[in-house]
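Now for the letters of each chain:
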Amino acid sequence: NISKEISFVTSATMAEIITLEVKAITAGSAVSGGNITDDGGSAVQSRGLVWSTSEYPTIFDAAKVECGSGEGTFSGTITGLKPNTSYYVRAYATTSVGTAYGDDIRFTTLVDMPTVGDVVVSSKKSTSAKISASLLSDGGETPNQVGFYYSTSDKVNPDSSQKIISSLSGKR
């Protein structure tokens, strides 16, 4: 029996990463994260989250938040989202071999309260007035009813005040 010692070097492979559940979803933000279970033999230089309204976002074509470096679990807050909109998020890990991605997770932001601009009262008469306001943001969903509450006192109580229902006009 002849034995000979042989030495060899293995090549690094892509990191293995899992995208974590999306939590704390609001109208404009959400929290997710990742778990890098194997760096593939090469140090993780950067890690984080990428998101888009399209499936399979990448670090090259989507919004991202960086969450440090190294193996293990991390989390990040996704911000700047639009209300009532579906997004796709996935975790990423970049090594000298390349960028690996976790599974694509779809989530939908919540509907927000509409935002109304200043109320303008004009053409005041003893028994009438013209009232207008701008709808600055619909909160992600077209309102099914718009209007004004009014009262003869200085405090308007929606439960006991009068109301005027109107239709939306102009740009939405």
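Residues numbered from 1 in each chain as written. Predicted model: local features only at pLDDT ≥ 70, side-chain atom pairs only at ≥ 80, totals over all residues. Heavy atoms only, no water.

Let us look at the overall build of the chain. Looking only at helices and strands, one finds 0 helices and 14 strands in the chain. Written out in order from the N terminus, the α and β elements of the chain read β-β-β-β-β-β-β-β-β-β-β-β-β-β. Taking 2.2 N^0.38 as the reference for a compact globule, 172 residues should give roughly 16 Å; the C-alpha atoms of the chain span a radius of gyration of 27 Å, well beyond that estimate. Dimensions of the chain, computed from the C-alpha atoms along their principal axes, are close to 115 × 30 × 20 Å. (Helix = DSSP H or I, 4+ residues; strand = E, 2+ residues; numbered from the N terminus. Rg over C-alpha atoms; globule rule 2.2 N^0.38 Å.)

So, about the environment of Ser 7. Counting through the fold element by element, Ser 7 comes out in the segment before strand S1 (16-19). Sequence separation between Ser 7 and Ile 164 is 157 residues; the distance between their C-alpha atoms is 85 Å.

Within the largest apolar cluster, 18 residues are counted, with the highest numbers of intra-cluster contacts made by Ile 17, Phe 74, Ile 78, Leu 81, Val 89 and Phe 107. When contributions to this core are tallied by element, the ones reaching two or more residues are strand S2 (29-38), strand S3 (46-52), strand S5 (72-79) and strand S6 (86-94). Looking at this core element by element, the count peaks at 4 residues for S6. (Core = buried A, V, L, I, M, F, W, Y, C linked by side-chain atoms within 4.5 Å. Buried < 20%, exposed > 50% of the residue type's maximum accessible area, 1.4 Å probe, protein only.)

With respect to topology, 3 strands assemble into an open sheet ordered S1-S2-S5, the strand pairing being antiparallel. At either margin of the open sheet sits one strand with a lone partner, and together these are S1 and S5. If you compare each strand with its neighbour and ignore which way they point, the axes differ by 25 degrees on average. Pairing analysis gives 8 bridges linking S2 to S5, with the strands arranged antiparallel. Looking at S5, one finds that Gly 34 is bridged to Phe 74. (Pairing = 2+ DSSP bridges. Axes fitted to C-alpha atoms, helices over the stretch in contact; angles between N-to-C directions.)

Interpretation note: all reported values are geometric properties and have no functional meaning in isolation.
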